[in-house]
Amino acid sequence: MFGHRTADDVLSRLRNFLSEQTLSLNGRLPSERALAEQLQASRAEIRKAMAVLESEGQVWRHIGRGTFIGARPVINLHDVEYLGSITSPAQIIDARLAMEPQLARLAALHGTQSDFDEMHACNRRARGAKSWSIYEAWDNRLHLAIAQASKNKLLVTLFETLNAVRRSPGWAYARTANEPPSTHTSFAEHEAIIAAIEGRNPDLAEQLMRKHLSSVRGLMFGTRKPPAPPPAEPAAQ
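Our subject in this report is the structure included herewith. (Residues numbered from 1 in each chain as written. Predicted model: local features only at pLDDT ≥ 70, side-chain atom pairs only at ≥ 80, totals over all residues. Heavy atoms only, no water.)

Focus: the overall build of the protein chain
Helices and strands together make up the secondary structure of the protein chain, namely 10 helices and 2 strands. The order of helices and strands in the protein chain, counted from the N terminus, is α-α-α-β-β-α-α-α-α-α-α-α. A total of 237 residues make up the protein chain; the buried ones form 45% of that total. Across the protein chain, every contact between residues at least 6 apart in sequence was considered, and the portion connecting residues at least 24 apart equals 74%. When the accessible surface of the protein chain is summed, it comes to about 12,600 Å², and 55% of that surface belongs to carbon and sulfur atoms. (Helix = DSSP H or I, 4+ residues; strand = E, 2+ residues; numbered from the N terminus. Buried < 20%, exposed > 50% of the residue type's maximum accessible area, 1.4 Å probe, protein only. Contact = heavy atoms within 4.5 Å. Areas by Shrake-Rupley, 256 points an atom, 1.4 Å probe, with all protein chains shown as cover.)

If you want it as structure tokens, here you go:
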């Protein structure tokens, strides 16, 4: 019906599809039927490919509810809301500083080429974002890709929980433009982190992730000014 193709072909097609989405963590994916039609595969092939992604912590499935982006959460939404209500943004960035540099270190030690490809894809999407919400979705996916490259499922699950709580309190800081300017400091910081991870330099990856999160802290709490947007082009005469 769909011509000759291997299981790896369908898995690769599904990976590419997920890389093009802007769903947040725990965002619901289309149904198996819709994915089968869109990717020109059978539902059985989609189900097998999803099983691979689930084993990697890329997606999780809930019978009767669907398939969701990210690793299966260990706490329910009521717990997330409660933790968000008792946690400040400053405490969350402290928790990220305690966890993510070590995840970057482990990613440099244990990451695979497919992990590095996912990081680069997320970074490209973030650079091309035309709104802050799209940028933040890809920024989330990049940090998740780094966590998953650690190959430590317990730490990935803890990271997912932290990320869920992070989206609960007021997190945004003042923006000076409608979309990320080309001078947004996170772009270069992300690229340096990815290069250190891909270069198998755990000390540098840890150091750069700590520096990046400290930069985020500065932008959030006013110890650093956000980059100014590029000057407007003069009106045509």
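There is more to say after this.
Section: the packing of helix α1 (residues 7–19) against helix α2 (residues 32–39)
At a minimum axis distance of 11 Å, the contact between α1 and α2 shows a crossing angle of 105°. Taken together, the axis directions place α1 and α2 in an arrangement best described as roughly perpendicular. Along the contact surface, α1 presents Arg-13, Leu-14 and Phe-17, while α2 presents Leu-35, Gln-38 and Leu-39. Along the lines of polarity and charge, the residues of the contact of α1 with α2 split into 4 nonpolar, 1 polar and 1 charged. (Axes fitted to C-alpha atoms, helices over the stretch in contact; angles between N-to-C directions. Parallel < 35°, antiparallel > 145°, perpendicular 65-115°, else oblique. Nonpolar A, V, L, I, M, F, W, Y, C, P; charged D, E, K, R; others polar.)

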